[in-house]
Amino acid sequence: MTRTKLLIGSVCCLMAFNLPCNAQFEQQKNDAHAYVDLQLPSGTLWATDNLGADSANINGKYYAWGEVAAKDTFTWDSYRYCEGSAISITKYNIHETFGKVDSLLVLLPEDDAATASWGADWCIPTMAQFNELIKGCTWAWTPNYNNTGVAGRVGTSKQNGQTIFFPAAGYKGSDRFYSVGDYGDYWTSSLDPNSCESAFDFSFISGNFNNYGNSRYIGQTIRAVMKKKAMKE
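This write-up is about the structure you can find in this document.

So, how was this worked out
Residues numbered from 1 in each chain as written. Predicted model: local features only at pLDDT ≥ 70, side-chain atom pairs only at ≥ 80, totals over all residues. Heavy atoms only, no water. Helix = DSSP H or I, 4+ residues; strand = E, 2+ residues; numbered from the N terminus. Contact = heavy atoms within 4.5 Å. Areas by Shrake-Rupley, 256 points an atom, 1.4 Å probe, with all protein chains shown as cover. Pairing = 2+ DSSP bridges. Axes fitted to C-alpha atoms, helices over the stretch in contact; angles between N-to-C directions. Polar contact = N/O pair within 3.5 Å; in protein donor to acceptor, adjacent residues only side chain to side chain. Core = buried A, V, L, I, M, F, W, Y, C linked by side-chain atoms within 4.5 Å. Buried < 20%, exposed > 50% of the residue type's maximum accessible area, 1.4 Å probe, protein only. Phe/Tyr/Trp six-rings, centres within 6.5 Å; stacked < 30°, edge-to-face > 60°.

### Let's talk about the overall build of the protein chain
Check the secondary structure of the protein chain and you find 2 helices and 12 strands. Listing the helices and strands of the protein chain from first to last along the sequence gives β-β-β-α-α-β-β-β-β-β-β-β-β-β. Intrachain contacts of the protein chain at a sequence separation of at least 6 include 58% that bridge at least 24 residues. By element, 50% of the accessible surface of the protein chain is carried by carbon and sulfur atoms, the whole surface being about 10,100 Å².

### Let's talk about the sheet that holds strand β5 (residues 152-157)
Ordered by their spatial adjacency, 3 strands build an open sheet running β4-β5-β6, and the pairing between neighbours is antiparallel. Both outer strands of the open sheet, β4 (137-142) and β6 (163-167), are each paired with one neighbouring strand and no more. Averaged over all adjacent pairs, the angle separating strand axes in this sheet is 20 degrees, with direction ignored. Bridging between β4 and β5 involves 6 bridges; their strand directions are antiparallel. Across the sheet, the residue bridging to Thr 138 is Thr 156, located in β5.

### A look at the side chain of Asp 201
Tracing the backbone through its elements, the reader meets Asp 201 in strand β10 (residues 198-204). In terms of polar contacts, Asp 201 uses its side chain to reach the side chain of Gln 220, at 3.3 Å.

### Observations concerning the nonpolar core
Membership of the largest hydrophobic core comes to 33 residues, with the highest contact counts inside it found for Trp 65, Tyr 79, Trp 122 and Ile 222. Secondary-structure elements contributing two or more residues to this core are β3 (44-47), α1 (113-118) and β9 (184-191). The leading source of residues in this core is α1, at 3 residues. Aside from chain neighbours lying at most four places away, what touches Tyr 79 is Ala 64, Trp 65, Glu 67, Lys 71, Arg 216 and Tyr 217. Core analysis: the next-biggest nonpolar cluster, separate from the first, contains 21 residues, Phe 130, Cys 137, Trp 139 and Phe 209 among them.

### A closer look at the sheet that holds β10
The strand order across the open sheet built from 3 strands is β9-β10-β11, with neighbouring strands paired in antiparallel fashion. This sheet does not close on itself; its edge strands, each paired only once, are β9 and β11 (213-215). Across the sheet, the mean angle from the axis of one strand to that of its neighbour is 50 degrees, orientation sign disregarded. Relative to β11, β10 runs antiparallel, the two being bridged by 3 bridges. Considered in β11, the bridge of Ser 198 is made with Ser 215.

### Things to note about the environment of Phe 177
For Phe 177, the location among the structural elements is in strand β8 (residues 176-178). As a C-alpha pair, Phe 177 and Gly 219 span 42 residues in sequence and 8.9 Å in three-dimensional space. When sequence neighbours within four positions are dropped, the list of residues in contact with Phe 177 reads Tyr 62, Tyr 171 and Lys 172.

### A word on the packing of aromatic side chains
Counting across every chain of the model gives 23 aromatic pairs. Here the aromatic rings of Trp 46 and Phe 130 are separated by 5.0 Å at their centres, their planes lie at 55 degrees, and the arrangement is tilted. Of this pair, Trp 46 sits in strand β3 while Phe 130 sits in helix α2 (residues 127-136), placing them 84 residues apart in sequence. Note on accessibility: Trp 46 and Phe 130 belong to one class, buried. Summarising the aromatic geometry, the rings of Trp 118 and Trp 122 are spaced 5.0 Å apart at their centres and angled 85 degrees between planes, so their arrangement reads as edge-to-face. The class for Trp 118 is buried, based on a relative accessible area of 18%. The exposure class assigned to Trp 122 is buried, which follows from its relative accessible area of 1%.

### Considerations on the pairing of β9
A large share of β9 lies buried, amounting to 8 of its 8 residues. Burial along β9 is two-sided: Gly 184, Tyr 186, Thr 188 and Ser 190 and Asp 185, Trp 187, Ser 189 and Leu 191, pointing in opposite directions, are all buried. Here β9 runs beside β10; their pairing, made up of 5 bridges, is antiparallel. The partner of Gly 184 across the bridge, within β10, is Phe 204. Between β9 and the antiparallel strand that follows it, β10, lie 6 residues.

In structure tokens:
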């Protein structure tokens, strides 16, 4: 797989550890969907599970960027917003080189898999929201989250000590999975303006964060967010 490596930032390597079962974690629910309040400045609330998963240690479903339904095969030919190639983009594009120009830089609600699956309160995070998450937590890699055998990264809020876990779910190209257990690749809702065949993702390995622009047809996992004002009484 070719990855467009547009490095935005990195976080220093922390030693691997096994997260203890009594880790700080206060799970709440908006309707049927659990979230955690990490007391981030924006008030963003983060879902505890990936889209299509029913617990924090499950990878969930894989989606192409801007598609609202999961699928089994991920290629340019099967991608909704092109005509078979990276230079025939039909939506979300600011450069004529890549196809039809509409100047859209962030997914609209009708193209947001989180909104489509969970309702209007939820959406895919922007790159800015992921950057806020990275800065608002201390991070460590675990090869065995809560003794489930699942590897990934745990963030601990600098404000209230609550935690969030992201499985290293890898990604999917064509009908094959890649880097499961080694990489985490989570879509943002933000287009890569430098190369419109790509969108930004929240990507990590055991040692750091590498937030790349990745080809939009690739299958990746999604973690939804909502604002505090969307909380149900």
